[in-house]
Amino acid sequence: MYQFRLWPVRRAAQLPLPTVQPQQRSVLSLAGARWLLLLAVLLFVASLYQRVLHGDEAWIGEQAYWAAKEGVVRSELFDGFLGAGTRQWVYHWLFVWQAAGVIRLVGWSSLVLKLISMAYLGLFGLICRPHLRHYLATTAARCLFWAVLLLNSLVVEYGFVFRPEVMLMCLGFGSWILLQRWLHAARPRWYHVALAAALAGLAAATHLNGLIYLVAGTGLLGWRRQWRGAVLFAGVGGVVFAMYFLDVLVHDAWSAYFRQFAPAIGGDKSGQGFALVLRALAEHKRFFHSPLEAALSLLVLAAAVVLYRSRWRTPRLADATLYLLLLVAALAALSQGKTTKYMVLYMPHLCLLVAVGFEHLPPRTGWVRVLLAVVLGFYTIVNSVYTGLLISRHEDRVVRNQQLANQLPAYRYARIVAPMNFVFNQIDAFTIQGVTCYLLLTQAGQLRPNGQALFEEAARRQRQLIILDDNSLKEMSLPRPVSGRTYGGYRYAYRFHDYYIYKAL
């Protein structure tokens with residue numbers, strides 16, 4: 001142990017909370033923070049009603065279905081693309097197998113899958129609540145933290161979507177809490193580092209972007225010159241993460257794994273050094289992708305200005321800031337695209353910085369107060385609008401799918417092509433190949449780049465029925481069908497709801 005470096009941090013954990021009475025200088029009163037939190041909760045709850053299905057829910061959910069039913073991960077939706085119909089080697093390992101266990105217990109449905117993510121959001125709340133007191137002295141600031149987090153439209157959306165982002169957020173923040181116990185407790189224990197590493201490794205085994213927690217944790221310990229802790233963290237985390245490759249190792253399927261993995265990283269050269277640098281330098285595109293992300297980025301920057309001007313410094317805040325920067329840098333290098341949903345992975349750290357900034361306004365700085373108030377108002381309005389749009393799109397797609405299936409009794413158990421979300425809950429009634437599979441085959445150069453290739457390939461694969469919707473027509477560059485006209489080996493029969501039905505000749 002490096003006692004001369006750890007002593008100030010350990011002592012900081014025993015000092016009383018700040019005596020500056022930050023609640024007297026805050027832009028937001030306790031009542032205001034509670035009203036804002038109430039708005040966030042109401043919007044989140046309203047968004048749950050007939051939540052529109054996310055495209056990835058069908059993709060990942062079907063993998064979990066076959067894992068539960070057959071004990072292997074595969075995909076009928078992508079049958080014909082890189083051998084996915086036989087065996088899927090590249091998938092969100094822990095997330096899929098966890099869902100498979102849930103499916104075996106309570107059955108398979110979109111609601112069951114969505115509730116997995118919501119359960120992790122609830123678990124995050126339980127582990128986060130006591131930890132906030134180390135950073136936020138006032139109830140108003142803690143309410144503000146939860147309000148900013150739950151107002152965020154990305155958290156609202158992915159908190160009730162069967163995707164791994166919220167699970168990663170929960171595991172990653174749990175790893176961070178344990179690291180803080182190691183760094184700041186009066187009597188740190190080695191198991192804190194080991195457990196923190198295990199949670200980070202589980203996050204990486206859930207989704208490869210979870211590697212950012214291993215990178216950030218190791219980097220923080222290294223920066224603090226906790227070399228033995230850094231080695232233990234990297235070692236334990238790496239061993240836990242290695243479970244991700246267990247199936248590939250047992251079956252010696254490395255060639256199939258890398259063949260399936262290549263499209264996910266955009267080709268064989270995307271992981272080389274210069275490409276990593278260029279990808280990292282373009283990270284601003286994630287933070288300013290749309291008004292939704294820009295509002296959050298401006299709020300975080302405003303809070304950073306406040307903390308700089310207030311000269312508010314604690315060892316914990318320094319660690320939190322460095323850890324956040326390491327998370328951002330690691331995601332910038334690892335993530336192939338600039339999709340904004342991955343901001344959920346470090347969203348609590350951004351919200352914590354915002355809440356600390358509000359709590360520690362410097363005295364006699366009226367313009368900073370106005371800046372924070374304006375930016376918080378902008379953030380609230382923008383996220384409320386985006387969540388409102390999500391609420392307005394509500395639909396009961398599962399019921400519509402069942403109504404369509406009732407129209408097609410002659411095709412029960414048939415091999416068909418359909419939008420991916422048709423698997424809810426028709427996965428047992430049909431053998432469904434997704435329209436997206438044909439799009440990927442086209443992008444890979446295996447099909448001609450015209451819409452007719454879908455009908456030609458479907459006929460070759462003896463698909464008896466093709467079901468398309470407006471999004472499918474757009475993806476495949478197809479015109480809206482004309483009644484009675486033939487398309488390849490199929491005749492357009494009729495429209496039901498927003499589905500277009502083509503029957504094989």
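This structure is a prediction, so every number in the text was calculated from the model and none was measured. (Residues numbered from 1 in each chain as written. Predicted model: local features only at pLDDT ≥ 70, side-chain atom pairs only at ≥ 80, totals over all residues. Heavy atoms only, no water.)

Draft legend 1. Quick look at the overall build of the chain. When you go through the chain residue by residue, the secondary structure sums to 24 helices and six strands. Radius of gyration (C-alpha) of the chain: 25 Å, near the 23 Å computed for a compact globule of 505 residues. Principal-axis analysis of the C-alpha atoms gives the chain an extent of 80 × 50 × 45 Å. Looking at the 505 residues of the chain, the share that counts as buried comes to 54%. Long-range pairs, those at least 24 residues apart, make up 74% of the contacts in the chain with a sequence separation of at least 6. (Helix = DSSP H or I, 4+ residues; strand = E, 2+ residues; numbered from the N terminus. Rg over C-alpha atoms; globule rule 2.2 N^0.38 Å. Buried < 20%, exposed > 50% of the residue type's maximum accessible area, 1.4 Å probe, protein only. Contact = heavy atoms within 4.5 Å.)

Draft legend 2. Looking closely at the environment of glycine 488. Summarising the element assignment, glycine 488 is placed in the loop between strand E4 (486-487) and strand E5 (490-496). Taking C-alpha positions, glycine 488 is 41 Å from leucine 48, a pair spaced 440 residues apart along the chain. The residues touching glycine 488, leaving out its near neighbours within four places in the chain, are Gln452, Phe455 and Leu505.

Draft legend 3. Layout of the packing of helix H9 (residues 190-206) against helix H11 (residues 227-241). The geometry of H9 relative to H11 is characterised by a closest axis approach of 7 Å and an angle of 40° between their N-to-C directions. Of the two possible hands of crossing, H9 and H11 adopt the one that is right-handed. Mapping the contact onto sequence places Trp190, Val193, Ala194, Ala196, Ala197, Ala198, Ala200, Gly201, Leu202, Ala204 and Ala205 in H9 and Arg228, Gly229, Leu232, Phe233, Val236, Gly237, Val240 and Phe241 in H11. (Axes fitted to C-alpha atoms, helices over the stretch in contact; angles between N-to-C directions. Left-handed = near helix turned anticlockwise from the far one by under 90°.)

Draft legend 4. Broad picture of the sheet that holds strand E2 (residues 431-434). Pairing within the open sheet is mixed, and its six strands lie in the order E2-E1-E3-E6-E5-E4. Each of the sheet's edge strands pairs with one partner strand only, and the pair in question is E2 and E4. Bridging between strand E3 (residues 465-468) and strand E6 (residues 499-504) involves four bridges; their strand directions are antiparallel. By the bridge assignment for E6, leucine 468 is matched with tyrosine 500. (Pairing = 2+ DSSP bridges.)

Draft legend 5. A look at the environment of leucine 361. Note on placement: leucine 361 falls in the loop between helix H18 (347-359) and helix H19 (366-392). For the pair leucine 361 and leucine 372, spaced eleven residues apart in sequence, the C-alpha to C-alpha distance is 9.6 Å.

Draft legend 6. Looking closely at helix H4 (residues 93-106). For H4, built from 14 residues, the straight-helix expectation of 20 Å at 1.5 Å per residue is met to within 8% by its first-to-last C-alpha distance of 20 Å. Of the surrounding secondary structure, the elements contacted by the buried residues of H4 are helix H3 (55-70), helix H5 (110-128), helix H8 (165-184), H9 and helix H12 (246-251). Immediately beyond the C-terminal end of H4, within one or two residues, lies glycine 107, with a positive phi of roughly 100°. (Expected span 1.5 Å × (residues − 1).)

Draft legend 7. Representation of the nonpolar core within the structure. Core analysis: the largest hydrophobic core is formed by 170 residues, its most contacted members being Phe145, Ile467 and Tyr502. With near-sequence residues (within four places) excluded, tyrosine 502 lies in contact with Phe455, Leu465, Ile466, Leu468, Leu473, Pro481, Tyr487, Tyr490, Arg491, Tyr492 and Ala493. (Core = buried A, V, L, I, M, F, W, Y, C linked by side-chain atoms within 4.5 Å.)

Draft legend 8. Fine view of a nonpolar patch on the surface. A cluster of nonpolar side chains, namely Phe288, Leu298, Leu301 and Phe378, defines an oily patch on the protein surface of about 370 Å² accessible area. Structurally, the position occupied by phenylalanine 378 is in helix H19. A relative accessible area of 37% means that phenylalanine 378 is categorised as partly exposed. (Patch = residues over 30% accessible without salt bridge, like charges linked within 9 Å, V, L, I, M, F, W, Y side chains within 5 Å. Areas by Shrake-Rupley, 256 points an atom, 1.4 Å probe, with all protein chains shown as cover. Salt bridge = Lys/Arg side-chain N within 4 Å of Asp/Glu carboxyl O.)

Draft legend 9. Just the packing of aromatic side chains, in detail. With the rule as written, the count across this model stands at 28 aromatic pairs. Seen from their ring centres, tryptophan 182 and tryptophan 190 are 4.7 Å apart, and the 40° between their planes marks the pair as tilted. Taken together, the aromatic side chains of Phe241, Tyr244, Phe245, Trp254, Tyr257, Phe258 and Phe261 make up a single cluster linked through ring pairs. The lysine or arginine in question, arginine 74, covers the ring of tryptophan 66, its NZ or CZ lying 4.0 Å from the ring centre. The cationic tip of lysine 341 hangs over the ring face of tyrosine 342; the distance from NZ or CZ to the ring centre is 5.2 Å. (Phe/Tyr/Trp six-rings, centres within 6.5 Å; stacked < 30°, edge-to-face > 60°. Lys NZ or Arg CZ within 6 Å of the ring centre and 35° of its normal.)

Draft legend 10. A look at the pairing of E6. Pairing of E5 with E6 involves six bridges; the strand directions are antiparallel. Across the sheet, tyrosine 492 pairs through a bridge with tyrosine 502, a residue of E6. Taken together, E5 and the strand that follows it, E6, pair antiparallel across an intervening segment of two residues, in which histidine 497 is found at a positive phi of about 55°.

Draft legend 11. Molecular detail of the pattern of salt bridges. In the structure shown here, the tally under the stated rule is 17 salt bridges. A salt bridge links arginine 74 to glutamate 70; its shortest N-O distance comes to 2.8 Å. One salt-bridge network, in which partners are shared between bridges, spans Glu395, Arg397, Arg400 and Asp498.

Draft legend 12. View of unusual backbone geometry. Omega for the bond connecting phenylalanine 424 with asparagine 425 falls within 30 degrees of zero, at -15°, which places this linkage in the cis form. Its place among the elements puts asparagine 425 in helix H21 (residues 423-426). One non-glycine residue, tyrosine 413, lies in the positive phi region at around 70°. Relative to the elements of secondary structure, tyrosine 413 occurs in the loop between helix H20 (397-406) and strand E1 (415-418).

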